[in-house]
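Spelled out from the first residue to the last, the chains are:
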Amino acid sequence: MQEQEIIEKLTEVIKTYVEDKSVLEGITPETHLVNDLNINSAHLVDIILDTEEAFDIEIDDESAEQMLTVKAAVDIVSSKLSS
Amino acid sequence: MTKESLSELRDTLPYDPPFLFVDEILKIDDDYVKGKYRYREDEYFYQGHFRGRPVTPGVILTETMAQIGLVALGIYLSNESGSPSPPPFAFTSADVSFRKMVLPGEEVTVEGEKVYFRMGKIKVQTTMYNSAGDKVCSGTLSGMILKKN
């Protein structure tokens, strides 16, 4: 799966938990889920579960805790997809 | 679970009157919890809800479902039953529908089924029944178990 495709799919997952959808317009790899998108810690867990489902992968808790930026999430998904 | 450990779990809940809405935890395992509470005729909120016509507020029904469905189950799942200082909880979301009124003196039963418990987040499908067995309200509740300070 291409990185662009992963980003698009991840954005779809994240979108559900973002209250102000306008902040999604400027999304970049550096976008921080908590600081920039205002996602709370409870919804971070939902994003991890939804990501696992969307990509049919399993994300261990240690990796999950690193999933705080779009780039980190893409890297984790790519590495799980290729393992 | 034995009756003693169920009552120990109930005593571990971090609430006191007038905001404790659990008389007894009846049954609990890794996926399910059942508990009950009887709303006393002199609960403080009946004084104002509603004027001259006391009815249990929906937020109190939701809170009752959260104390049994989320907090009791969360404490059980994190092996903190009996702990003198259980970890603090944050109620993070609720999506609840109400069907019936609950009047002063009524006893309700709450059942909670775990949707998931992961990385400190617990999500539960809960239902409340009145003593006639009618569904009073139901919905999905979530909470986070915060790290102890």
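Residues numbered from 1 in each chain as written. Chains lettered and ligands numbered in written order. Predicted model: local features only at pLDDT ≥ 70, side-chain atom pairs only at ≥ 80, totals over all residues.

## Considering the overall build of chain A
Move 1: Counting secondary structure elements, chain A contains 4 helices and 0 strands.
Move 2: Along chain A, helices (α) and strands (β) appear in the sequence α-α-α-α when read from the amino end.
Move 3: In terms of overall dimensions, chain A is globule-like: its C-alpha atoms have a radius of gyration of 12 Å, near the 12 Å expected for 83 residues.
Move 4: For chain A, the C-alpha atoms occupy an extent of roughly 35 × 25 × 20 Å along the three principal directions.
Move 5: Classification of the 83 residues of chain A by burial places 24% in the buried group.
Move 6: Sequence separation of at least 24 residues holds for 55% of the intrachain contacts in chain A that already meet a minimum separation of 6. (Helix = DSSP H or I, 4+ residues; strand = E, 2+ residues; numbered from the N terminus. Rg over C-alpha atoms; globule rule 2.2 N^0.38 Å. Buried ≥ 20, exposed ≤ 12 C-beta atoms within 10 Å, placed from the backbone. Contact = placed C-beta atoms within 7 Å.)

## Overview of the overall build of chain B
Move 1: Within chain B, the secondary structure is distributed over 2 helices and 6 strands.
Move 2: Relative to a compact globule of 149 residues, whose C-alpha radius of gyration would be 15 Å, chain B shows 15 Å and is just as compact.
Move 3: Among the 149 residues that make up chain B, the fraction classed as buried is 30%.

## Considering the interface of chain B and chain A
Move 1: Across the boundary between the two partners, chain B contributes 8 residues, which contact 7 residues of chain A.
Move 2: Broken down by secondary-structure element, the contributors of at least two residues to the side of chain B that touches chain A are β3 (89-98), β4 (107-118) and β6 (135-145) of chain B.
Move 3: Residues that form the side of chain B that touches chain A fall into these classes: 3 nonpolar, 3 polar and 2 charged. (Nonpolar A, V, L, I, M, F, W, Y, C, P; charged D, E, K, R; others polar.)

## Details of the sheet that holds β4 of chain B
Residue and element names in this part refer to chain B.
Move 1: With antiparallel pairing, the 6 strands of this open sheet are ordered in space as β1-β2-β4-β5-β6-β3. Edge strands, defined here as strands with exactly one partner in the open sheet, are β1 (24-28) and β3. Adjacent strand axes in the sheet meet at a mean angle of 20° when their direction is disregarded.
Move 2: Looking at chain direction, strand β5 (residues 121-130) and β6 are connected through 9 bridges and run antiparallel. Paired with K123 across the bridge in β6 is S142. (Pairing = 2+ DSSP bridges. Axes fitted to C-alpha atoms, helices over the stretch in contact; angles between N-to-C directions.)

## Considering the packing of helix α1 (residues 3-15) of chain A against helix α4 (residues 70-82) of chain A
Each pair of packed helices gets described by two things: the angle between the helix axes and the distance between those axes.
All names here are of chain A.
Move 1: Remark: α1 packs on α4, axes separated minimally by 10 Å, with the N-to-C direction vectors making an angle of 115°. With respect to the hand of their crossing, α1 and α4 are arranged in right-handed fashion. Along the contact surface, α1 presents E3, I6, I7 and L10, while α4 presents V70, A73, V74, V77 and S78.
Move 2: In terms of residue class, the contact of α1 with α4 is built from 7 nonpolar, 1 polar and 1 charged. (Left-handed = near helix turned anticlockwise from the far one by under 90°.)

## Considering the confidence of the model for chain B
Residues and elements named next belong to chain B.
Move 1: For chain B, the average pLDDT comes to 95, and 99% of its residues sit at 70 or higher.
Move 2: Within chain B, the element-level pLDDT minimum falls on helix α1 (residues 3-12), averaging 93, and the maximum on strand β2 (residues 32-38), averaging 98.
Move 3: Scored by ipTM, the complex comes to 0.78, with pTM at 0.89. (pLDDT = per-residue confidence, 0-100.)

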